[in-house]
Amino acid sequence: FCVYSIFAVQLARAWPPKSMVSLRRVSLLHAALAALALFFVAQSPFVSFIAPLPRGTWAAARASEANLKGVSAAAKGFRPTDANSKASGVAALLLATSAVGSILLSARRGKQMQRQAVQVVRQARGGNTAPVVVISGPPAAGKGTQCEKIKEKFGYVHVSTGDILRANVKEGTELGKKAEEYMTAGKLVPSELIVDLVKDRLAQSDIAEKGCLLDGFPRAPDQAQAMVDAGIAVDKFILIEVPDDVLVERGCGRRLDPETGEIYHLKFKPPPAEIMDRLVHRSDDQEESIRQRLNIYHEQVAGILPFFEKTLTKIDGLPKPAVVTEAVFAALD
């Protein structure tokens, strides 16, 4: 057991896993060996403190063994010594400690691998060491409010695909002209083209200096796959979660003032009484429409999250905005 203790710790130090899969295999290997060895230790008659036997059991077992060998039954008075019990107990503790230590060392090595991988991808982006953060969430989850808070604290450049499309079309860039062809024909802009637009935006100097906050992108699994294929690394993926019934309540209570463009909420941001008659309840804020959008969102996000498991942080969006902001800041710090 002492030999295994030394071997396990040295193995974790000298044999760094080449991937997270091999890291998990190493950890499972140590855990399995520890469990197996502890099982045999527990079966040993010397570990009386783990599974003590009745007083007569030792004699009966020893006598039976002696009879089979043709030896006299003089061994029936055999009793385990305190020294043997203590030695076996110490061996078991050493074994368990070494297994835990080796797993912790392997996990530490895995974190170092993740940090190195992020640095490699950042260098592939042209030496950009500024972070790329994605924030996502269902409609009415408060994502816009959190984007403003993140920009204020961290100084990230706020980027949405809609802004990128409009800017490129307006400036007449090569990518903008390609996107305009699809938009003019009433077709969806392909995910590969949108990712090219995003990648081009990430390469610009302001993002290279300050970092980027991608708002609601990627929206679908094919966009996430296109990001991976394009080598766009996400340093943190923030997902705001709110139950559907709460989102429906938030959406259905919205009212638009057509004269000022101001949006009110009957419960959370009541409008002045004198303008109530002119407020508009938009079709997008009807319950049926909201639930349809939520169903589409859930299908899409379920296909997106597997691409960002290592950088994903889920945030409870039910508390007050200030509390949600604290959780978001803690995830980004």
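Residues numbered from 1 in each chain as written. Predicted model: local features only at pLDDT ≥ 70, side-chain atom pairs only at ≥ 80, totals over all residues. Heavy atoms only, no water.

### Thoughts on the pattern of salt bridges
Okay, step 1: If you walk through the whole model with that rule in mind, you get 12 salt bridges.
Okay, step 2: For the salt bridge of Arg-254 with Asp-285, the shortest nitrogen-to-oxygen distance reads 3.9 Å. You can see Arg-254 sitting in strand E5 (residues 254-256) and its partner Asp-285 sitting in the loop between strand E6 (263-265) and helix H12 (287-304), a full 31 residues away along the chain.
Okay, step 3: Accessibility expressed as a relative area gives 3% for Asp-285, which makes it buried.
Okay, step 4: Between Asp-257 and Arg-278 there is a salt bridge, and its shortest N-O distance comes to 2.9 Å. A residue pair is termed long-range when its members are at least 10 positions apart, and Asp-257 in the loop between E5 and E6 and Arg-278 in the loop between E6 and H12 qualify at 21 residues.
Okay, step 5: By relative accessible area, which is 31% here, Arg-278 ends up partly exposed.
Okay, step 6: Three or more residues are tied together by salt bridges with common partners; here these are Asp-245, Glu-287 and Arg-291. (Salt bridge = Lys/Arg side-chain N within 4 Å of Asp/Glu carboxyl O. Helix = DSSP H or I, 4+ residues; strand = E, 2+ residues; numbered from the N terminus. Buried < 20%, exposed > 50% of the residue type's maximum accessible area, 1.4 Å probe, protein only.)

### A closer look at the packing of helix H7 (residues 174-184) against helix H8 (residues 191-202)
Okay, step 1: Two elements in contact, H7 and H8, have axes separated by 10 Å at closest approach and are oriented at 150 degrees. Accordingly, the angle class assigned to the pair H7 and H8 is roughly antiparallel. Considering only the axes of H7 and H8, their crossing is left-handed. The residues of H8 that touch H7, namely those facing Leu-175, Gly-176, Lys-178, Ala-179 and Tyr-182, are Leu-193, Asp-196, Leu-197 and Asp-200.
Okay, step 2: A class-by-class count of the residues in the contact of H7 with H8 yields 5 nonpolar, 1 polar and 3 charged. (Axes fitted to C-alpha atoms, helices over the stretch in contact; angles between N-to-C directions. Parallel < 35°, antiparallel > 145°, perpendicular 65-115°, else oblique. Left-handed = near helix turned anticlockwise from the far one by under 90°. Contact = heavy atoms within 4.5 Å. Nonpolar A, V, L, I, M, F, W, Y, C, P; charged D, E, K, R; others polar.)

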